[in-house]
Protein chains: 2
Amino acid sequence: MNDSPYSISDAHRIEASQLDVPPRLLLGPGPSNAHPRVLQALSMRQVGHLDPAFIELMNEVQELLRYAWQTDNQLTIPVSGTGSAAMEASLANTVEPGDAVLIGVNGYFGNRLADMAGRYGADVRCINKPWGQVFDLDELRAAMIEHRPAVLALVHAETSTGARQPLEGVGDLCREFDCLLLIDTVTSLGGVPLLLDEWQVDVAYSGSQKCLSCPPGLAPLTLGPRAVKKLQNRKNKVANWYLDMTLVSKYWGSERTYHHTAPINMNYGFREALRLVAEEGLEARWARHQATAELFWDGLAEMGLSCHVERQYRLPSLTTVAIPEGVDGKAVAGRLLREYNIEIAAGLGELGGKVWRVGLMGFNSRRENVVVLLGALGEVLGRG
Amino acid sequence: MNDSPYSISDAHRIEASQLDVPPRLLLGPGPSNAHPRVLQALSMRQVGHLDPAFIELMNEVQELLRYAWQTDNQLTIPVSGTGSAAMEASLANTVEPGDAVLIGVNGYFGNRLADMAGRYGADVRCINKPWGQVFDLDELRAAMIEHRPAVLALVHAETSTGARQPLEGVGDLCREFDCLLLIDTVTSLGGVPLLLDEWQVDVAYSGSQKCLSCPPGLAPLTLGPRAVKKLQNRKNKVANWYLDMTLVSKYWGSERTYHHTAPINMNYGFREALRLVAEEGLEARWARHQATAELFWDGLAEMGLSCHVERQYRLPSLTTVAIPEGVDGKAVAGRLLREYNIEIAAGLGELGGKVWRVGLMGFNSRRENVVVLLGALGEVLGRG
């Protein structure tokens, strides 16, 4: 090779072994384990992103996503990124510089919404609650009167706290104040009752890797007619090219104009995940998540452990378990991972050191997973 | 189910069949067919995005990416999106509002860079060339004197034209003018000679789905020390949360602070793709791409077809073939797809209707693919 015109360095040419990873049971806040059929779909050979076969698949993905979210919204697509990309897209497209955006902050992801909204020039107003609590309709009304926002952003399923924000009546409130309702459904879509159109939600986003049991890499986004109208009447270009729905919707809409290259194989997997939702049916799926969670909560109670969130606001998909006095929560999670291959997560922010976060999502929402987790936790805590 | 508290609509609950797609040979501008080992890696079971096993994998991906790009840059990562996301990240992080950004526009992706840079408040200056031609050092110097940019952006491998922009000497020029050099290597990384550090490139991005033969869904990005310094000294927050490298680099750096959930399985596939690059070696890989392309060019000449780009600036990974007078280029591409399962692409923009775009990238850069394409093209054109 001495006749090469190039001087190539082998400094970073490491010898990496064949891919292998431990057989983890992912019972943290996500990703959850993908369904085996989803993993299988991922490895299907590729077609091009403008191939007639792929365009048909895009239509199916959009229809199945509308079913999962219970919406007729035309603009319903998987964003080519992870959940945070769809979160950012939801704001980038509906917020214009100077818009007042009211954000309910009762956990980590409310803060993230505030950070993102600020980067798009929003006049950010936050209402706060201790992590694990939710906002009631009177509190929201009072805040609407005070702030008169263009957008109200709430987290339906707070992955950092395990709290479910009730949304009944909030859509009416937003219409009364001529305000868009934007909600985070990252940890609810496909596992927790969610009726976008009935609740008059204007904008919602989610992730593929929670209750849908697809690996991370796609992020559902939907915009209803009021949000689309605002998007179409913007004074300024969306300040984010990759997530600009005026462009992206031309690829996912009838024009099929090239914007970016869609993640082909991730869409294969995502279609399979949504197909599983349609096969099972939303009602059965929601009931399964609830039943599995209740089994877990009962088991915790029997072990003398308590949940951080009041029962009526508790998410079936994500439970925050109070760490008992004197127990090193991080050490327990570490032992579960190393000795039992079970992943659960530590608390974030206000709940750091105070709770474990346990996800029973999608494919992982099964009785046997509750049994193994409670058994392992009992052994580690000496409460078996 | 009549006792359900929810009224669930089945309007969008379509019955989708088991996933199946035609066995396409993807010889367009990308995606190329993924290597079978990459497809296999995609379907490996998941671990969490903060699992020690995944963190080790992240280190390997970064090292192997440094090898492929021939750079020591610490900040070398796959962005969790497709090529356009990394393109946007390259600008979002290095451009501050008001910065003059000089862009060489000699194809579709130069225009895209200009559109994106404008959204981040850049004072965009373009130099233009007919599509398929490249800029010489004197032209670049004259433009630098005129515009005094903070960033010079060039497309190393123009996917829309098949032209390779020479970069020898451009790094010195940028240092002389205290300007960052940003280059698009979407269609060159892993297939075309590319020596980032030797050429003193400050910022580069690419895609997973071209010469690396991984499905689309990840997008390599690298920032050298001068770019990182500018990033650290920014007056304003990066106006894009998802692509903010001050945050993302804390996840990919030693802190491993959670930012967003990395696309686990896509990273499995990407690691395998980069492992294949390291196994083959860059020199052999570049030589293979060149040899396969030359075989194709010779075959085209024998059929009386000509290439749009002058030989010395022709990319081995992407060839623009001039559509002969009187031939309906779109109809030919349609027949290749329907009758032979071969995808090639039409021209874009200035080259719309004038050329076909043929990619021989990564795993697809093989003699047998040249044989089948030339044979099928000959049959369709009646020149067999």
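Residues numbered from 1 in each chain as written. Chains lettered and ligands numbered in written order. Predicted model: local features only at pLDDT ≥ 70, side-chain atom pairs only at ≥ 80, totals over all residues.

The accessible area lost on association of the parts is a frequent measure of interface size. Residue and element names in this part refer to chain A. When cut into domains, chain A gives domain 1 (25-31 + 281-381) and domain 2 (36-278). Spacing between the C-alpha centres of domain 1 and domain 2 amounts to 26 Å. Taken together, the 25 residues of domain 1 in the interface contact 26 residues of domain 2. Broken down by secondary-structure element, the contributors of at least two residues to the side of domain 1 that touches domain 2 are helix 10 (282-302) and strand 11 (318-322). Across the side of domain 1 that touches domain 2, the residue classes tally to twelve nonpolar, nine polar and four charged. (Domains from an automatic or database assignment. Contact = placed C-beta atoms within 7 Å. Helix = DSSP H or I, 4+ residues; strand = E, 2+ residues; numbered from the N terminus. Nonpolar A, V, L, I, M, F, W, Y, C, P; charged D, E, K, R; others polar.)

Here the focus is the sheet that holds strand 2 (residues 75-79) of chain B. All names here are of chain B. Strand order in the open sheet made by the seven strands is 2-10-9-8-5-3-4, with mixed pairing throughout. Bordering the open sheet on either side are strand 2 and strand 4 (123-128), each of which pairs with just one other strand. Each neighbouring strand pair of the sheet contributes to a mean axis angle of 15 degrees, computed without reference to strand direction. Sheet analysis places strand 2 next to strand 10 (residues 219-223), joined by five bridges and oriented antiparallel. When the bridges of strand 10 are listed, T76 appears paired with T222. (Pairing = 2+ DSSP bridges. Axes fitted to C-alpha atoms, helices over the stretch in contact; angles between N-to-C directions.)

The next point concerns the pairing of strand 4 of chain B. Residue and element names in this part refer to chain B. Two elements, strand 3 (residues 100-105) and strand 4, share six bridges in a ladder whose sense is parallel. Bridged to A100 within strand 4 is D123. Remark: the strand 3/helix 4 (residues 108-119)/strand 4 crossover connection has right-handed handedness. (Right-handed = clockwise from strand over helix to strand, strands pointing away.)

The next point concerns the relation of the copies chain A and chain B. It takes a turn of 180 degrees to lay chain A on chain B, together with a shift of 0.0 Å along the axis; the resulting RMSD is 0.0 Å. The superposition of one copy onto the other is thereby described by a two-fold rotation axis. Proximity to the rotation axis, assessed at the C-alpha, singles out G81 of chain A in chain A; its C-alpha lies 2.5 Å from the axis. Of the residues that chain A buries at the interface, 100% are likewise interface residues in chain B, meaning the two copies contact each other through the same surface. (Least-squares fit on C-alpha atoms with pLDDT ≥ 70 in both.)

The next point concerns the interface of chain A and chain B. Counting from both sides, the interface comprises 75 residues of chain A and, opposite them, 75 residues of chain B. Elements supplying a minimum of two residues to the side of chain A that touches chain B: helix 1 (36-42), helix 2 (52-69), helix 3 (83-94), helix 4 (108-119), helix 9 (264-280) and helix 10 of chain A. With eight residues, the single largest contributor to the side of chain A that touches chain B is helix 9 of chain A. Partitioned by chemical class, the residues of the side of chain A that touches chain B number 36 nonpolar, 23 polar and 16 charged.

This part covers helix 7 (residues 225-232) of chain B. Residue and element names in this part refer to chain B. Along helix 7, the residues that are buried comprise A227, V228 and K230. Looking down the long axis of helix 7, one finds its buried residues gathered within 160 degrees of arc, a one-sided arrangement. Exposed residues on helix 7 whose side chains face more than 90 degrees from its buried face are P225, K229 and Q232. For helix 7, the secondary structure elements touched by its buried residues are strand 2, helix 3 (83-94), strand 8 (180-184), strand 9 (203-205) and strand 10. (Buried ≥ 20, exposed ≤ 12 C-beta atoms within 10 Å, placed from the backbone. Arc of directions from axis to C-beta.)

The next subject is unusual backbone geometry. Residues and elements named next belong to chain A. Of note, the bond from G30 into P31 is cis; its omega dihedral lies within 30 degrees of zero at 0 degrees. Here P31 is to be found in the loop between strand 1 (25-26) and helix 1. Residue Q70 is not a glycine yet carries a positive backbone phi of 55 degrees. Within the secondary structure, Q70 is located in the loop between helix 2 and strand 2 (75-79). Given 21 C-beta atoms within a 10 Å radius, Q70 is considered buried. Of note, the phi angle at D178 is positive, near 50 degrees, even though the residue is not glycine. The residue D178 is located in the loop between helix 6 (170-176) and strand 8 (180-184) in this model.

Judged by nonpolar contacts, the single largest core of 255 residues is most densely connected at V101 and A117 of chain A together with V101, A117 and L274 of chain B. In contact with A117 of chain A, other than residues within four places in its own chain, are L91, V95, V101, I103, A122 and V124 of chain A. (Core = buried A, V, L, I, M, F, W, Y, C linked by C-beta atoms within 7 Å.)

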